[in-house]
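Close look at the chain arrangement
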Amino acid sequence: MKKTAQKMVVANWKMHGNLKQNQTLLEAYIRTLDNLPHTQVVVCAPYPYLAQLQSLLADTDIAWGAQNIAKMERGAYTGEVSAEMLRDFGSTHVIIGHSERSTAYCESDENIAQKFMVAKKHGLTPILCVGETLIEREAGMQENVVAKQLDTIIRMYGAQVFADAVISYEPIWAIGTGLAATPAQATEMHKFIHDKIAVLDEAAAKRLKILYGGSVNPQNALQLMVVKNCDGGLIGRCSLNAQEFEQICMAAERVSQSDE
Ligand code: PEP
């Protein structure tokens, strides 16, 4: 894991892949994305493949993690996977509160907050997904929605927990639809998130990364990566295509290089 990378690009494989396909994809990632000086690449895969990530990525600069964790630490919770288990397989990151889960499994903001904290407690970097639906955006409610999602964590644990964490702004209407937020929409929301944390804890805000997620592709990556307060991207569909993912990571790398 790099300590100095300014940008972060996270591959969210969702429920895709198998041992053979993953190996081909990871070998391509390693060929082109290992040792990017200014960008931390992270791969979030389905649980059964964490051992494969560990064995293929262990000697690289590419980090890995999962797409969810249990809010409990251990015990009689059939089907759940704990933060410690993720650490056992070398995971350093975990996606928390992705809308595809929170919608399908009715996850509350409180549940998501507990998962965020259990990840931190066990040394995992939580990648917290926040964002509004299309109806909420059309009603001009996007900032209220995101504020409520963040406020639950702030109320339960304080704003300082955002130090060294990651928030990914993921407008739900942009995920998997091919319709990304415009740079203006992303600029507005990234500033809102940054300022909301900074006003409570400036030091935590400085150590927080804010990513953009939602239909990022090689054509729009650069214009989203240059958005102020945008520290990188969370990439779904295009992370399954080695070439497209590489182009997105290279856009992040170019921007962070020029920010130096
Ligand atoms: C995601 O999985 O969070 C995502 C942003 O997906 P996509 O890039 O396919 O929109």
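Preceding this section is the structure that the text describes.
This next bit is on the nonpolar core. Counting residues in each nonpolar core, the largest one holds 70 residues, and the members touching the most others are Tyr29, Leu128, Phe162 and Tyr212. Top contributing element to this core by residue count: helix α11 (residues 242-259), with six residues. Apart from the residues lying within four places of it in its own chain, the contact partners of phenylalanine 162 are Phe116, Leu128, Leu150, Ile153, Ile154, Ile167, Ile197, Ala204, Arg207 and Leu208. Val42, Ile95, Val166 and Leu234 belong to the second largest nonpolar core, which has eleven residues in total.

Attention now goes to the site of the ligand. Every one of the 14 residues lining the ligand counts as a neighbour, but Lys14, His98, Glu170, Gly176 and Ser215 are closest to it. Take lysine 14: an N or O atom from its side chain is 2.9 Å from an oxygen atom of the ligand. In the model, an oxygen atom of the ligand is placed 2.9 Å from a nitrogen or oxygen of the arginine 237 main chain. When the ligand sits alone it has 290 Å² of accessible area, and the protein chains cover 98% of it. Partitioned by chemical class, the residues of the shell around the ligand number four nonpolar, seven polar and three charged.

If you roll a probe as big as a water molecule over the atoms, it shows you where there is empty space left. The space that makes up the second largest pocket amounts to roughly 590 Å³. Lining the second largest pocket are 23 residues, with Tyr47, Gln67, Asn68, Arg101 and Tyr105 positioned closest to its centre. Looking at the lining of the second largest pocket, the elements with two or more residues in it are α4 (99-104) and α5 (109-121). Counting residues per element, the lining of the second largest pocket draws most heavily on α4, which supplies three residues. For the lining of the second largest pocket, a count of residues per class yields nine nonpolar, seven polar and seven charged.

Cut-off values and rules
- Position numbers for residues start from 1 in each chain and track the written sequence from start to end.
- For a predicted model such as this one, the threshold for reporting local features is a pLDDT of at least 70, and the threshold for listing and counting side-chain atom pairs is 80 or more; totals across whole chains, interfaces and linings nevertheless cover every residue.
- Hydrogens and waters are ignored; side-chain quantities use all the structure's heavy atoms.
- Residues belong to one nonpolar core when they are buried, are Ala, Val, Leu, Ile, Met, Phe, Trp, Tyr or Cys, and are joined through side-chain atoms within 4.5 Å.
- Think of it in three bands: with a 1.4 Å probe and only protein chains considered, a residue is buried below 20% of the maximum accessible area for its type, exposed above 50%, and partly exposed in between.
- A run of DSSP states H or I qualifies as a helix once it reaches four residues; a run of E qualifies as a strand once it reaches two. Both are numbered from the N-terminal end.
- Throughout, a residue-residue contact means that at least one pair of heavy atoms, one from each residue, lies within 4.5 Å.
- The rule for a residue being near a molecule or strand is that one of its heavy atoms must lie within 4 Å of it.
- As used in this structure description, the phrase polar contact means that two N or O atoms lie within 3.5 Å; if the pair is within protein, one of them must be able to donate a hydrogen and the other to accept it, and residues adjacent in sequence are counted only when both atoms belong to side chains.
- Per-residue and other accessible areas were derived by the Shrake-Rupley procedure at a 1.4 Å probe size, with only the shown protein chains allowed to occlude residues.
- When residue character is reported, Ala, Val, Leu, Ile, Met, Phe, Trp, Tyr, Cys and Pro are called nonpolar, Asp, Glu, Lys and Arg charged, and the others, Gly included, polar.
- Here a cavity denotes grid points, spaced 1 Å and computed from the protein atoms alone, that fit a 1.4 Å probe unable to get out, and a pocket denotes an open set having protein on both sides within 12 Å along at least 5 of 7 lines; residues with an atom within 4 Å of a point are the lining.
- Grid points are joined across faces, edges and corners, and a volume is the space filled by probe spheres set on the points.

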